[in-house]
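Architecture at a glance
Here's the letter readout for the chains.
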Amino acid sequence: MKKFRNTIFIALSFFALAACQKKEASEDVSNPNIIIIYLDDLGYGDVSAYGATEISTPHMDRMARDGVRFTNAYATSATCTPSRYALLTGVYPWRNQDAKILPGTAPLVISTEQMTLPKMLKTKGYQTAIVGKWHLGLGDGNVNWNEHISPGPNEVGFDYAYIMAATQDRVPTVYIRDGHVEGLEADDPILVDYQNNFEGEPTGKENPELLKMMWHHGHNNSIINGIPRIGFMKGGEKAKWVDEDMADVFLIDAQNYIRQKSKSEKPFFLYYALQQPHVPRTPHPRFVGTSGMGPRGDVIIEADWCVGELLKTLEEEGILENTLIIFSSDNGPVLNDGYYDDAVEKLGDHKPWGPLRGGKYSLFEAGTRVPFMTYWKGTVQPSVSDALISQIDLLSSFASMLNSDIRTDDSMDMLEVLLGKSNVGREELIIEATSRTAFRSGDFIMIPPYKGPAVNTMVNIELGNDNNYQLYNLKDDIGQRNNLADTEPELLAELIARFEALRGAEYGKIEQLELK
Ligand code: NG6
Ligand code: CA
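Residues numbered from 1 in each chain as written. Chains lettered and ligands numbered in written order. Predicted model: local features only at pLDDT ≥ 70, side-chain atom pairs only at ≥ 80, totals over all residues. Heavy atoms only, no water.

So, on to the domain arrangement of the protein. What the domain assignment lists for the protein is domain 1 (31-185 + 240-422), domain 2 (191-234) and domain 3 (429-512). Look at where the C-alpha atoms of domain 1 and domain 2 centre, and you get two points 27 Å apart. Looking at the side of domain 1 facing domain 2, the largest losses of area belong to V171, Y339 and Y340, adding up to 32% of the total buried there. The tally of links between domain 1 and domain 2 comes to two salt bridges. Salt-bridge contacts for E244 lead to K212; the nearest nitrogen and oxygen are separated by 3.1 Å. The tally of links from domain 1 across to domain 2 stands at 15 residue pairs in polar contact (both at pLDDT 80 or more). (Domains from an automatic or database assignment. Buried area = accessible area lost by both parts, 1.4 Å probe. Salt bridge = Lys/Arg side-chain N within 4 Å of Asp/Glu carboxyl O. Polar contact = N/O pair within 3.5 Å; in protein donor to acceptor, adjacent residues only side chain to side chain.)

Here you go:
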């Protein structure tokens, strides 16, 4: 009898296991690969699908035309680190005091305990990777670049990470693969310091004769490849990247990852974070002169080509129809961001900000409203969506798609909107620019008073600061020219009250903010 019972038990267990495996297998098939293509400082008006007439971006346009092109989509912030923090954690960056533009030596700003987008995806069987710009800090504040660098992307959910630590204009100027500097030689260790130079090392400030690109503001510390950077670095000669090759290096790595994972049973998530068109703009020679706009235009053409090559790889691997792609940018555009590179002089009639006011660093729309499209061949129907949506919503939306219960308070489930099945987006959203915040509600945006200059004269961008409240109806006045604060006092009061409730105690500090 006992033996018989055991046999039944074993048989039942077998069926249960088989059923379980079957379920997992079918889930895998229905779970698409997910790729986020994330550009650095690409403006709302930099893509021809968004109205650019002086530059042509056929591959980005293809995704915009055949996918959902969003006109009201936002990065959470007008600078990089906070936007990337929110994208990956689903948490507003103003909740984390450290989520600000970081030096290359900054510690990791995402807690290893925190839920992240890749961690959530891993609970659903995804393999996860980042290739490109990180800029969320590494280590615990005292990184030895010659040893295993940790914690970093691998500790917050990425199985594979091939990154630059911060930005192309910041040291260390090396690629890091899974915590190890690529190409590092034991007898030439890397030293990095953001305060003091290393004795005898030339700098952009003192040795302009060594420069192939001149600095305009900032960017006058260590010289690497003839380009002056932010921060000081010594050693690691063989490990240093070649700026002009960076687009190819990241693209090839992303393609290799796709080719490798396309053969796997499990789906993958790839966060492909391109460095263009952030400074220093260093197009590969084959793209030099292609835009007629100087390096800024040329690297946009280069980035567009990279997007095309990535799509081609998905096609070649036969997985384009099983891959959901999100395309966006971390913040709005800037022309002169610290180097003389003809971005201003050769701009001609191009408007990187499109019809919007402001740019990178600004609380006005061009700071955070960015190109954003979802593309999933065969599943997402082509459309244009005016729904209000933020990059912070990806975590909860993807979780919803995969039947995960994981959510964060700030990240809203916008799955139907992302897939073009609904036009009902968010009702409200808080946007941020260099620690200042503003409140979007319906068609309106309310910008509280901020001390500080109206214009950052270095980059020549209106920051959104004013001594008085600003209120704009973005539907009628996308260029934010008509301040309704005086004529709509009731609405203004309503928005202020709601904003204060959402921002909590932090809101009181805004008056004291010093602007950089
Ligand atoms: C600023 C840099 C700018 C850029 C930015 C970060 C100066 C004067 N300006 O501090 O060039 O690197 O930081 O850009 O150093 S972001 O897109 O990564 O946020
Ligand atoms: Ca950026």
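Additional details are given in the paragraphs that follow.
As a further point, take the packing of helix 5 (residues 246-261) against helix 6 (residues 295-316). Pairs of packed helices are described in terms of their axes, by the angle between the two and the distance that separates them. Interaxial distance between helix 5 and helix 6 falls to 10 Å at its minimum, and their mutual angle equals 15°. Considering the angle they form, helix 5 stands roughly parallel to helix 6. Between helix 5 and helix 6 lies a crossing whose hand is right-handed. Where helix 5 abuts helix 6, its residues A247, D248, L251, A254, Q255, I258 and R259 lie against E302, W305, C306, E309, L310, T313, L314 and E316. Across the contact of helix 5 with helix 6, the residue classes tally to eight nonpolar, two polar and five charged. (Axes fitted to C-alpha atoms, helices over the stretch in contact; angles between N-to-C directions. Helix = DSSP H or I, 4+ residues; strand = E, 2+ residues; numbered from the N terminus. Parallel < 35°, antiparallel > 145°, perpendicular 65-115°, else oblique. Left-handed = near helix turned anticlockwise from the far one by under 90°. Contact = heavy atoms within 4.5 Å. Nonpolar A, V, L, I, M, F, W, Y, C, P; charged D, E, K, R; others polar.)

Looking now at the environment of E309. Looking at the element boundaries, E309 is found in helix 6. According to the relative accessible area criterion, E309 is buried, its value standing at 17%. Linking E309 and F268, residues 41 residues apart in sequence, is a C-alpha distance of 18 Å. Residues contacting E309, with those up to four places away along its chain left out, are L251 and Q255. (Buried < 20%, exposed > 50% of the residue type's maximum accessible area, 1.4 Å probe, protein only.)

Turning our attention to the pairing of strand 4 (residues 127-133). With seven of its seven residues buried, strand 4 lies for the most part within the structure. One ladder, built from six bridges, connects strand 4 with strand 12 (residues 268-273); its direction is parallel. Of the residues in strand 12, the one forming a bridge with T128 is F269. (Pairing = 2+ DSSP bridges.)

Surrounding ligand 1, one finds 20 residues, the nearest of these being C80, D169, R170, D337 and K360. Between an oxygen atom of ligand 1 and a side-chain N or O atom of H219, the distance comes to 3.0 Å. Out of a free accessible area of 450 Å², ligand 1 has 86% covered by protein chains. Taken together, the residues of the shell around ligand 1 sort by class into five nonpolar, eight polar and seven charged. Taken together, domain 1 (31-185 + 240-422) and domain 2 (191-234) each give at least three residues to the shell around ligand 1, which thus spans both. (Near = heavy atom within 4 Å. Areas by Shrake-Rupley, 256 points an atom, 1.4 Å probe, with all protein chains shown as cover.)

The next thing to look at is the sheet that holds strand 4. Sheet architecture is open: 10 strands sit in the order 7-6-5-4-12-1-13-14-2-15, paired in mixed fashion. In the strand order of this sheet, the two ends are held by strand 7 (180-181) and strand 15 (383-385), each with one partner. Relative to strand 14 (residues 372-375), strand 13 (residues 323-329) runs antiparallel, the two sharing four bridges. Of the residues in strand 14, the one forming a bridge with S328 is F372. Helix 2 (residues 58-66) contacts strand 1 (33-39), strand 2 (68-70), strand 13 and strand 14 of the sheet and is inclined by roughly 70° relative to strand 14. Its contacts with the sheet place helix 5 against strand 1, strand 4, strand 5 (160-164), strand 6 (175-177) and strand 12, and it is angled at close to 175° to strand 12.

In this section: the side chain of R69. If you trace the backbone, R69 turns up in strand 2. No salt bridge is formed by the buried R69; its nearest oppositely charged neighbour, D386, is found at 7.2 Å. Polar contacts involving the side chain of R69 include one to the main-chain carbonyl oxygen of A49, which spans 3.5 Å. Those residues in contact with R69 that lie beyond four places of it in its chain are A49, Y50, A64, F372, M373, S383, V384 and S385. (Lys, Arg positive; Asp, Glu negative; His and termini not counted.)

The contact between helix 2 and helix 6 brings their axes to 7 Å, and the two run at 60°. Viewed along their axes, helix 2 and helix 6 adopt a mutual orientation that is oblique. Only I300, A303, D304, W305, V307, G308, L311 and E315 of helix 6 make contact with helix 2, whose side of the interface consists of P58, H59, M60, R62 and M63. Taken together, the residues of the contact of helix 2 with helix 6 sort by class into eight nonpolar, two polar and three charged.

A few words on the coordination of the calcium ion (ligand 2). Taken together, the protein donors to the calcium ion (ligand 2) comprise D40 (OD), D41 (OD), D330 (OD), D330 (OD) and N331 (OD1), at separations of 2.2 to 2.7 Å. Note that the calcium ion (ligand 2) binds six donor atoms; their angles at the metal cover 51 to 172°, and the shape is irregular. Every donor residue of the calcium ion (ligand 2) comes from the same chain, spaced as D-D-x288-D-N. Linking D40 in the loop between strand 1 and helix 2 with N331 in the loop between strand 13 and strand 14, this pair joins segments that are 291 residues apart in sequence. (Donors = N, O, S within 2.8 Å, 3.2 Å for Na, K, Ca; no water. Tetrahedral: all angles 85-135°; square planar, octahedral: opposite > 155°, others 65-115°.)

The next point concerns empty space enclosed by the protein. The tally for this structure, following the rule as stated, stands at three cavities of 30 Å³ or more. Taken as a whole, the largest cavity spans an internal volume of roughly 40 Å³. Every residue along the wall of the largest cavity is listed here: L138, I149, G152, P153, N154, A161, I163, I176, D178 and G179. In the lining of the largest cavity, the residues fall into six nonpolar, three polar and one charged. (1 Å grid on protein atoms, 1.4 Å probe; cavity = no way out; pocket = protein on both sides within 12 Å on 5 of 7 lines; lining within 4 Å. Points joined across faces, edges and corners; volume = space filled by probe spheres on them.)

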